[in-house]
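Architecture and fold: a report
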Amino acid sequence: MAEYKTKVLIIGSGPAGYTAGIYAARAGLNPILVSGSQVGGQLTITTEIENFPGFPEPIGGLDLMQRMREQAQNVGVTIVDDLITEVDFSKAPYHCNSAGSNLFCGDTVIIATGASARWLGLDSEKKFLGFGVSGCATCDGFFYRNRDVAVVGGGNTAADEALYLTNFAKSVTLIHRRDSLRADKVMQQRLADNQKIKIEWDSVVDEVVGTENPLGVTGVVLKNVKTDSKKELKVDGLFIAIGHHPNTDLFKGILELDNDGYIKTKDNGCETNIQGIFAAGDVQNPNYRQAVVAAGSGCIAALEAEKYLSRQN
Ligand code: NDP
């Protein structure tokens with residue numbers, strides 16, 4: 001067991017975590033970043049990214065996160081590939097225990113543990129993830145120009161994604177497990193008004209089907225939950241939009257969370273209800289879920305941590 005001490009402890013290795021690390025390191029705070037179990041975060045399961053500034057050609061999600069990691073290391077962030085399993089925020093320095101039996105002590109902590117997309121849980125969904133199955137229309141919609149796509153879900157995200165996809169796709173089928181949508185009425189009206197969108201009611205995806213070489217989606221088998229009948233719908237892409245859950249289990253009963261489990265922060269910044277603890281990226285802001293927004297949030301958290309530390313001296 002090792003004991004690590006730092007002025008700024010960062011939990012999470014997505015764009016928010018790495019950016020917080022880069023800013024804290026350049027402020028001379030010698031940050032330590034604990035990467036978590038999915039090193040690089042959600043972007044590592046995205047195939048190509050075209051909307052992160054600075055990359056005129058598409059860049060793979062894994063590649064982008066590897067570059068952020070290298071950049072963080074180059075400016076002096078100490079990265080430990082470990083998973084925080086327990087936190088004690090009762091007094092500073094704040095203590096965090098890890099799965100690797102290490103103890104991390106931080107005068108400040110920046111939480112950047114992100115959110116995870118909910119998935120259907122099908123083997124075939126996993127198989128085609130990044131090869132026709134996606135959790136983000138904003139990230140991947142562009143690749144489906146004049147193609148047929150489907151979106152699973154009946155909430156505002158599914159409605160948003162279906163409408164967004166009509167900018168590119170030839171047709172968009174919304175697949176919903178019930179006979180009424182959870183999405184706001186205004187969104188429902190927009191769906192109804194859009195000629196490219198049709199809805200498969202009372203339906204769930206039973207299987208994603210596709211080609212092996214190259215790996216790619218060609219359709220989905222839909223099951224009607226009322227009749228149990230099955231049919232195949234030909235699509236080139238399937239977007240899963242059944243919600244996200246913030247990775248905040250560790251902080252329940254310790255930090256103030258909103259009703260959906262996201263960490264509450266003050267005024268548009270990253271301060272939590274405990275001084276010296278900050279939250280950045282998707283773990284505190286469910287509204288945008290974009291890498292560039294999370295990176296910006298990581299920068300804010302590091303600047304706030306620096307200010308907080310300078311007030312303590
Ligand atoms: P929601 O929880 O609102 O909706 C999830 C949808 O997925 C529901 O329709 C649910 O079905 C369906 N679903 C859940 N699990 C499964 C499953 N296993 N198989 C099939 N379908 C499933 O999540 P959202 O991400 O849509 O929204 C989260 C929050 O963010 C909401 O408060 C929403 O209003 C907000 N939001 C607001 C936006 C805006 O204002 N523009 C845009 C996006 C989100 P069922 O209805 O049967 O439960």
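The notes below deal with the structure included here. (Residues numbered from 1 in each chain as written. Predicted model: local features only at pLDDT ≥ 70, side-chain atom pairs only at ≥ 80, totals over all residues. Heavy atoms only, no water.)

A closer look at the nonpolar core
- Grouped together as the largest cluster of nonpolar side chains are 32 residues, with contacts concentrated most on Val8, Tyr18, Leu64, Ile110 and Phe278.
- Residue assignment for this core shows that the elements contributing at least two residues are strand 1 (3-11), helix 1 (15-26), helix 2 (61-74) and helix 7 (291-312).
- Here the element with the most residues in this core is helix 7; it accounts for seven residues.
- Excluding residues that lie within four positions of it along the chain, Tyr18 makes contacts with Ser13, Leu33, Val39, Gly40, Met65, Met68, Arg69, Ala72 and Ile79. (Core = buried A, V, L, I, M, F, W, Y, C linked by side-chain atoms within 4.5 Å. Buried < 20%, exposed > 50% of the residue type's maximum accessible area, 1.4 Å probe, protein only. Helix = DSSP H or I, 4+ residues; strand = E, 2+ residues; numbered from the N terminus. Contact = heavy atoms within 4.5 Å.)

A word on the packing of helix 1 against helix 2
- As a packed pair, helix 1 and helix 2 sit with axes 9 Å apart at the nearest point and diverge in direction by 20 degrees. Considered as vectors, helix 1 and helix 2 are oriented roughly parallel to each other. The two elements helix 1 and helix 2 cross, and the hand of that crossing is left-handed. Contacts between helix 1 and helix 2 involve Pro15, Tyr18 and Ile22 on the former and, on the latter, Met65, Met68, Arg69, Gln71 and Ala72.
- For the contact of helix 1 with helix 2, the per-class residue count stands at six nonpolar, one polar and one charged. (Axes fitted to C-alpha atoms, helices over the stretch in contact; angles between N-to-C directions. Parallel < 35°, antiparallel > 145°, perpendicular 65-115°, else oblique. Left-handed = near helix turned anticlockwise from the far one by under 90°. Nonpolar A, V, L, I, M, F, W, Y, C, P; charged D, E, K, R; others polar.)

Regarding the pattern of salt bridges
- The tally for this structure, following the rule as stated, stands at 13 salt bridges.
- For the salt bridge of Arg69 with Asp81, the shortest nitrogen-to-oxygen distance reads 2.8 Å. Taken as a pair, Arg69 in helix 2 and Asp81 in the loop between strand 5 (78-80) and strand 6 (84-88) lie far apart in primary sequence, 12 residues in all.
- Asp179 serves as the salt-bridge partner of Lys226, at 3.4 Å between the closest nitrogen and oxygen. Highlighted residues: Lys226 in the loop between strand 15 (215-224) and strand 16 (230-234) and Asp179 in the loop between strand 12 (171-175) and helix 6 (185-193), separated in sequence by 47 residues.
- Put simply, Asp179, Asp202 and Lys226 are held in one network by salt bridges that share partners. (Salt bridge = Lys/Arg side-chain N within 4 Å of Asp/Glu carboxyl O.)

Concerning the packing of helix 1 against helix 7
- It is the contact of helix 1 with helix 7, at a shortest axis distance of 7 Å, that shows an interaxial angle of 35 degrees. The handedness of the crossing between helix 1 and helix 7 comes out as right-handed. The residues of helix 7 that touch helix 1, namely those facing Pro15, Ala16, Thr19, Ala20, Tyr23 and Ala24, are Ala291, Ala294, Ala295, Gly298, Cys299, Ala302 and Leu303.
- Residue composition of the contact of helix 1 with helix 7, by class: 11 nonpolar, two polar and no charged.

Let's talk about the sheet that holds strand 10 (residues 133-134)
- The strand order across the open sheet formed by five strands is 10-17-11-12-13, and the pairing between neighbours is parallel. The sheet terminates laterally at strand 10 and strand 13 (197-200), the two strands that pair on one side only.
- Looking at chain direction, strand 11 (residues 148-152) and strand 17 (residues 237-240) are connected through four bridges and run parallel. Residue pairing in the sheet places Val152 in a bridge with Ile240 of strand 17.
- Its contacts with the sheet put helix 5 (residues 156-165) on strand 11, strand 12, strand 13 and strand 17, and the angle it makes with strand 11 is roughly 170 degrees. (Pairing = 2+ DSSP bridges.)

Remarks on helix 5
- The set of residues buried in helix 5 consists of Ala158, Ala159, Glu161, Ala162, Leu163 and Leu165.
- Elements in contact with the buried residues of helix 5: helix 4 (137-140), strand 11, strand 12, helix 6, strand 13 and strand 17.

Focus: the environment of Leu215
- Relative to the assigned elements, Leu215 resides in strand 15.
- Judged by relative accessible area, Leu215 falls into the partly exposed class, the value being 28%.

Some thoughts on the site of the ligand
- Near the ligand you find 13 residues, and of these Asn156, Thr157, Arg177, Arg178 and Arg182 are the closest.
- The side chain of Asn156 places a nitrogen or oxygen atom 2.8 Å from an oxygen atom of the ligand.
- Within the side chain of Arg182, one N or O atom sits 2.5 Å away from an oxygen atom of the ligand.
- Its free accessible area being 910 Å², the ligand has 64% of it covered by the protein chains.
- A per-class count over the shell around the ligand returns two nonpolar, seven polar and four charged. (Near = heavy atom within 4 Å. Polar contact = N/O pair within 3.5 Å; in protein donor to acceptor, adjacent residues only side chain to side chain. Areas by Shrake-Rupley, 256 points an atom, 1.4 Å probe, with all protein chains shown as cover.)

Considering a nonpolar patch on the surface
- Taken together, Tyr288, Val292 and Val293 make up a surface patch of nonpolar side chains, about 260 Å² in accessible area.
- Residue position: Val292 is located in helix 7.
- Taking the relative accessible area as the measure of exposure, Val292 reaches 39% and is therefore partly exposed. (Patch = residues over 30% accessible without salt bridge, like charges linked within 9 Å, V, L, I, M, F, W, Y side chains within 5 Å.)

Some words on the pairing of strand 17
- Residues Gly237 and Phe239 point to one face of strand 17 and Leu238 and Ile240 to the other, with burial holding for every one of them.
- Of the strand pairs in this sheet, strand 10 and strand 17 are connected by two bridges, and their pairing is parallel. Its bridge partner lying in strand 17, Ser134 is registered against Phe239.

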